[in-house]
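Okay, here's what each chain looks like letter by letter:
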Amino acid sequence: MEEKKTIFDFGTRVFCSFGFSMMFMAVFSGLVGDEAKEVSTLFALGTKGVPVYVIWQFLGINILIGGFNFLFFSERIIREMSVFVRTLCMLGSVVVLIGFFAYFFGWFPIDMWQAWLGFFVSFGTCFAISLFIMKWKEKVENRKMEEGLKRVKEKLEDADF
């Protein structure tokens, strides 16, 4: 049975991913900002920081990605699709969305293969980290559930019915 989600769950997910994406941008600005500021609006300030308009763009894209997450992983909307296919659809949608943002907002030259390579490396790294965190969280939650079930079983065994 699917847990009922609220707008607060959506907001938490959006702002969590937004925070991580801004942290990622701050690190990259510090590392390659001055070299990349001529070819990317993301690094217009060089190593001095992330422009405010980029912060708003990242908030917008994180809201849209949160919407994709709701769309692809809600049992109320899509009922007959495996988690693997949902994940592939979500990843494909996010790549297309980022491509649109890259083109529309000048994040990086869309005809420059090095920019796409950098995008896919950073996107793949972030996806791998997210996957690792999700698996770790699931493992911790499963362990807690097993311990709780074990305690309930022990209490039922101790109780004489």
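Engineer: Looking at this structure, how should I read the nonpolar core?
Structural biologist: A general trend in soluble globular proteins is that nonpolar side chains are found buried together. Formed by 25 residues in total, the largest nonpolar core has its most connected members in Met 25, Leu 42, Phe 58, Ile 61, Ile 98, Trp 107 and Phe 108. Secondary-structure elements contributing two or more residues to this core are helix H1 (7-36), helix H2 (52-73), helix H3 (83-105) and helix H4 (113-158). Among the elements that make up this core, the one with the highest residue count is H3 (6 residues). Taken domain by domain, the makeup of this core includes at least three residues from each of domain 1 (1-111) and domain 2 (112-161). Residues in contact with Ile 98, not counting those within four places in the same chain, are Ile 61, Trp 107, Phe 119 and Phe 123.

Engineer: Can you help me understand H2 in this one?
Structural biologist: A turn of α-helix holds 3.6 residues, and therefore any two residues three or four places apart point the same way. Between the first and last C-alpha of H2 there are 31 Å, a value that for 22 residues agrees with the 32 Å anticipated at 1.5 Å per step. When we look at burial in H2, the residues that qualify are Val 54, Gln 57, Phe 58, Leu 59, Ile 61, Asn 62, Gly 66, Asn 69 and Phe 72. Where H2 is buried, its residues contact H1 and H3.

Engineer: Is there a simple way to think about the packing of aromatic side chains in this case?
Structural biologist: The relative placement of two aromatic rings is captured by the distance of their centres and the angle of their planes. One pass over the structure, following the stated rule, counts 15 aromatic pairs. Both rings, one in Phe 108 and one in Trp 116, keep their centres 5.0 Å apart while their planes meet at 90 degrees; by these two values the pair is edge-to-face. Taken together, Phe 58, Phe 100, Phe 101, Phe 104, Phe 105 and Trp 107 form an aromatic cluster joined through their ring pairs.

Engineer: What should I look at first to understand the side chain of Asn 69 in this one?
Structural biologist: Locating Asn 69 in the fold gives a position in helix H2. Not counting chain neighbours up to four residues away, the residues in contact with Asn 69 comprise Arg 13, Ser 74 and Met 90.

Engineer: Is there a simple way to think about H4 in this case?
Structural biologist: Here H4 contains 46 residues, and its C-alpha end-to-end distance of 67 Å stays within 8% of the 68 Å for a straight helix at 1.5 Å per residue. Here H4 has its buried residues at Ala 115, Phe 119, Ser 122 and Phe 123. On its buried face, H4 sits against H1 and H3.

Engineer: Looking at this structure, I do not really get the pattern of salt bridges. What am I missing?
Structural biologist: Close approach of charged atoms lets side chains of opposite charge pair. What the rule picks out here adds up to 2 salt bridges. Two residues, Lys 135 and Glu 138, come together in a salt bridge whose shortest N-O distance is 3.8 Å. With Lys 135 and Glu 138 both in helix H4 and 3 residues apart, this pair spans about one turn of that helix. Classification of Lys 135 by relative accessible area gives exposed; the value is 52%. Residue classification places Glu 138 among the partly exposed positions, given a relative accessible area of 38%.

Engineer: Explain the domain arrangement of the protein here, please?
Structural biologist: When the parts come together, some accessible area is lost, and that loss is often what is quoted as the size of the interface. Segmentation of the protein into domains returns domain 1 (1-111) and domain 2 (112-161). Each of domain 1 and domain 2 has a C-alpha centre, and these two points are 22 Å apart. Of the residues lining the interface, 11 residues belong to domain 1; the matching set on domain 2 comes to 10 residues. With both sides pooled, the region where domain 1 packs onto domain 2 buries about 990 Å², and carbon together with sulfur makes up 87% of that total. On the domain 1 side of the contact with domain 2, Phe 24, Val 95 and Phe 108 bury the most area, a combined 42% of that side's loss. The interface formed by domain 1 and domain 2 contains 0 salt bridges. Among the elements that take part in the side of domain 1 that touches domain 2, H3 stands out by supplying 6 residues, more than any other.

Criteria and cut-off values
Residues numbered from 1 in each chain as written. Predicted model: local features only at pLDDT ≥ 70, side-chain atom pairs only at ≥ 80, totals over all residues. Heavy atoms only, no water. Core = buried A, V, L, I, M, F, W, Y, C linked by side-chain atoms within 4.5 Å. Buried < 20%, exposed > 50% of the residue type's maximum accessible area, 1.4 Å probe, protein only. Helix = DSSP H or I, 4+ residues; strand = E, 2+ residues; numbered from the N terminus. Domains from an automatic or database assignment. Contact = heavy atoms within 4.5 Å. Expected span 1.5 Å × (residues − 1). Phe/Tyr/Trp six-rings, centres within 6.5 Å; stacked < 30°, edge-to-face > 60°. Salt bridge = Lys/Arg side-chain N within 4 Å of Asp/Glu carboxyl O. Buried area = accessible area lost by both parts, 1.4 Å probe.

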